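Residue-level listing of the chains:
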Amino acid sequence: MADISLDKPDAEERVPTVIADDVHIVYRVNGGSRGRGSATAALSRIVRRDKSEPRGARKVHAVRGVTFTAYRGEAIGLIGSNGSGKSTLLRAIAGLLPPERGKVYTDGQPSLLGVNAALMNDLTGERNVILGGLAMGMSREEIKSRYQEIVDFSGINEKGDFITLPMRTYSSGMAARLRFSIAAAKNHDVLMIDEALATGDRKFQVRSEERIRELRKEAGTVFLVSHSNKSIRDTCDRVLWLEKGELLMDGPTEEVLKAYEKETGK
Amino acid sequence: MNSALQPLDEGLPPAELAARHGLSVSGARPALPEYVRRLWGRRHFVVAFSSAKLTAQYSQAKLGQIWQLVTPLLNAAVYYLIFGLILGTRRGIPHDVFIPFLVTGVFIFNFTQSSVTAGVRAISGNLGLVRALHFPRAALPVSFALQQLQQLLYSMVILVVVAIAFGSYPGPRWVLALPALALQFVFNVGLTMIMARLGSRTPDFAQLMPFVLRTWMYASGVMYSIPVMLEGKPEWIKVALQHNPLAVYMDLVRYALIHGYGADNLPAHIWLYGLGWAVLLGVAGFIYFWKAEEQYGRG
């Protein structure tokens, strides 16, 4: 429907791709109870049985009422201190974490860049490329055609035939490179990138930054979580500043970053 | 055309703005037919994930994949030592029937038991995966059940050897083992899905299940013949035990593979019971799991 308008970028025209409407996200944590974690304390919690609360669980309110609209063609940075709810918000946008209250509307399926969780350390790099690709929803043929590209990009085989060894034998840098290469093999409509993806040596960092730029070009809307103000400045034209789960500021990159830098004393 | 709408967008409530541009709720649960279609679309992932798990299981051991065969063999040997030699539970069963009878019982029970155990942790043990990637969550319990099926196929190699060693030679009746195992697999998938949903809300099930499963094992006649052992007890106990799904699947496979275990050992209409349990659990389990699809990331 709105795809037709993509050909002629119009300053007036803004097509929303992601709408977050008063999103609240609550994690329930077992075993993180206040006070004594003894068996008797757990028992008394069960006996008391508060119907509104699941027994023994403690709630962590990670995102508190965030509302914003993202438009096609925007690159949005998410900033805030550790634990401010940035990654959680990304997962909610992707539909991976159900919001407690509020709704997230999206155009198509947003995806997080990352396959770490699907890979298995005991398998060879080769099998992990296939498994990771399938987990991201690629077809077998697609993986076959991009296999060599993925391996070459990771540079795993530059120091010998490592791709046929189990991933547990890789150095942490090598494993991170392979993970990134698999994750970056697929194109996405709404792309979400969590920080610290560009790991590995300098040479690989340059290569992966280049790949992220490529992915950005193909994606409709990009979200980037990062603690590096430089990479936010380089890539984003709009920034959301989260603090304690609340949206503190939403505006053009320079404006928000200035306020953020003032606050954090840089 | 969108530019014409533009002024109207200002100040619209988010829900209406979303509706105007055809945006859908992120992570909403699809309808059942659509869900089945998506799951089918991920079949390659399901298969790759289950065989990857199976390979990873023994990849650090020196003997490697040989353990796929040795583990069930040792398992059967232990049961034979305890129940065959020490406790002598083979009452009413001739010796050359008892060993394949016991080994079949152990393997068939183990097939369901390990599916249930894996099912409880299918979601709660893979939250990282659930929170990182999109796929119908049913792919996880199904692939864990499939992993157990692959494991069972290794065990069947041992079982065939044992059966032949005790005088049951391959015949046309052996083919019946295939539909029996297929029915049990469907039953297992349904059960695994139920356990996956229960375990995702309440991980405590992982602690509870071993006790439930052990009770189930002793009640299903893994190492004894139900009609012989329950002689003189009220009829309804015998009927209940004999028609419980695991006793049914065990009896079906035993009947198929063991020459000396004739149809007179089976309760009437046993195939109907086998089919009924599979359909009931398969359908109910799938729907029960699908109902909570959008909740699984919450943990």
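Every value quoted in this text rests on a predicted model; they were computed, and no experiment measured them.

Section: the overall build of chain A
Move 1: Along chain A, the regular secondary structure elements total eight helices and nine strands.
Move 2: Residue pairs at least 24 apart in sequence account for 73% of intrachain contacts in chain A once pairs closer than 6 positions are excluded.
Move 3: A total accessible area of about 13,100 Å² is found for chain A, and carbon and sulfur atoms account for 50% of it.

With respect to the interface of chain B and chain A
Move 1: Listed per partner, the contact involves 41 residues of chain B and 52 residues of chain A.
Move 2: Where chain B abuts chain A, roughly 3,900 Å² becomes buried across the two surfaces, and 60% of that area is made up of carbon and sulfur atoms.
Move 3: Contact with chain A buries surface across chain B, with Arg131, His134 and Arg298 of chain B losing the most and accounting together for 17% of the total.
Move 4: On the surface where chain B and chain A come into contact, there are zero salt bridges.
Move 5: Looking at the side of chain B that touches chain A, the elements with two or more residues in it are α1 (2-9), α2 (14-20), β1 (24-25), α4 (43-57) and α7 (127-130) of chain B.

Side note on the environment of alanine 219 of chain A
All names here are of chain A.
Move 1: If you trace the backbone, alanine 219 turns up in the loop between α6 (202-218) and β7 (221-225).
Move 2: Each C-alpha atom of the pair alanine 219 and methionine 192 lies 9.8 Å from the other, and the pair is 27 residues apart in sequence.
Move 3: Excluding its chain neighbours within four sequence positions, the residues that come into contact with alanine 219 are His188, Asp189 and Leu191.

Let's talk about the sheet that holds strand β3 (residues 75-79) of chain A
Move 1: Read across the open sheet, the six strands follow the order β5-β6-β7-β3-β8-β9 (chain A); overall the sheet is mixed. Taken across any chain shown, the strands that pair with only one partner, and hence form the sheet edges, are β5 (111-112) and β9 (246-252) of chain A.

Details of unusual backbone geometry
Move 1: Positive phi, close to 50°, is recorded for aspartate 22 of chain A, a residue that is not glycine.
Move 2: Position of aspartate 22 of chain A among the secondary structure elements: in strand β1 (residues 16-30).
Move 3: Backbone geometry places histidine 269 of chain B, a non-glycine residue, at a positive phi of 55°.
Move 4: The residue histidine 269 of chain B is located in the loop between α13 (245-257) and α14 (270-290) in this model.
Move 5: By relative accessible area, which is 59% here, histidine 269 of chain B ends up exposed.

Topic: the pairing of β9 of chain A
When a strand is regular, its side chains alternate between the sheet's two faces.
Residue and element names in this part refer to chain A.
Move 1: By the bridge criterion, six bridges tie strand β8 (residues 238-243) to β9 in an arrangement that is antiparallel. Bridge pairing in β9 places valine 239 opposite glycine 251.
Move 2: As consecutive antiparallel partners, β8 and β9 are separated by two residues, and within that stretch lysine 244 has a phi angle of approximately 50°, a positive value.

Digging into the confidence of the model for chain A
All names here are of chain A.
Move 1: In this model, chain A carries an average pLDDT of 80, and 83% of its residues clear a pLDDT of 70 or more.
Move 2: Of all secondary-structure elements in chain A, the lowest mean pLDDT belongs to helix α1 (residues 39-48), at 67, while β8 reaches the highest, 92.
Move 3: In this model, residues 1-11 is a region of pLDDT below 50 whose contacts with residues beyond four sequence positions or in other chains number 12 contacts.

Considering the confidence of the model for chain B
Residues and elements named next belong to chain B.
Move 1: For chain B, mean pLDDT is 88; residues scoring 70 or higher make up 96% of the total.
Move 2: Element-level pLDDT for chain B is lowest in α1, with a mean of 49, against a maximum mean of 96 in α14.
Move 3: Across residues 1-6, confidence stays below pLDDT 50; counting only partners more than four residues off in sequence or on other chains, it has 11 contacts.
Move 4: Quick note on the complex model: pTM equals 0.84, ipTM equals 0.79.

Some thoughts on the packing of aromatic side chains
Residue and element names in this part refer to chain A.
Move 1: Taken as a whole and assessed by the stated rule, the structure comprises 16 aromatic pairs over all chains.
Move 2: Ring centres of phenylalanine 162 and tyrosine 170 lie 6.3 Å apart, and the angle between their planes is 90°; this geometry places the pair in the edge-to-face category.
Move 3: For phenylalanine 162, a relative accessible area of 23% gives the class partly exposed.
Move 4: With a relative accessible area of 7%, tyrosine 170 lands in the buried category.

How each quantity is defined
Chains are numbered independently. Their residues run from 1 in the order of the written sequence. Key to labels: chains lettered from A, ligands numbered from 1, both in the order written. Predicted model: local features are reported for residues with pLDDT of at least 70 only, side-chain atom pairs are reported and counted for 80 or more only, and whole-chain, interface and lining totals are derived from all residues. Each side-chain value is worked out from all heavy atoms of the structure, with water and hydrogens disregarded. Going along the chain from the N terminus, every DSSP run of H or I of four or more residues is numbered as a helix, and every run of E of two or more is numbered as a strand. Residue contacts are counted whenever heavy atoms from the two residues lie within 4.5 Å of one another. Here, Shrake-Rupley sampling with a 1.4 Å probe gives the accessible areas, and only protein chains in the shown set may cover a residue. In short, buried area is how much 1.4 Å probe accessible area vanishes from two parts on joining, totalled over both. The term salt bridge refers to a side-chain nitrogen of Lys or Arg lying within 4 Å of a carboxyl oxygen of Asp or Glu. Whether two strands pair depends on DSSP finding at least two bridges between them. Only protein chains enter the calculation, and the probe is 1.4 Å; a residue is then buried if its accessible area is under 20% of its type maximum, exposed if over 50%, and partly exposed in between. The score called pLDDT rates the predictor's confidence residue by residue, from a low of 0 to a high of 100. Each pair of aromatic rings taken from Phe, Tyr and Trp, with Trp reduced to its six-membered ring, is defined by centres within 6.5 Å and is described as stacked if the planes are under 30 degrees apart, edge-to-face if over 60, and tilted in the remaining cases.

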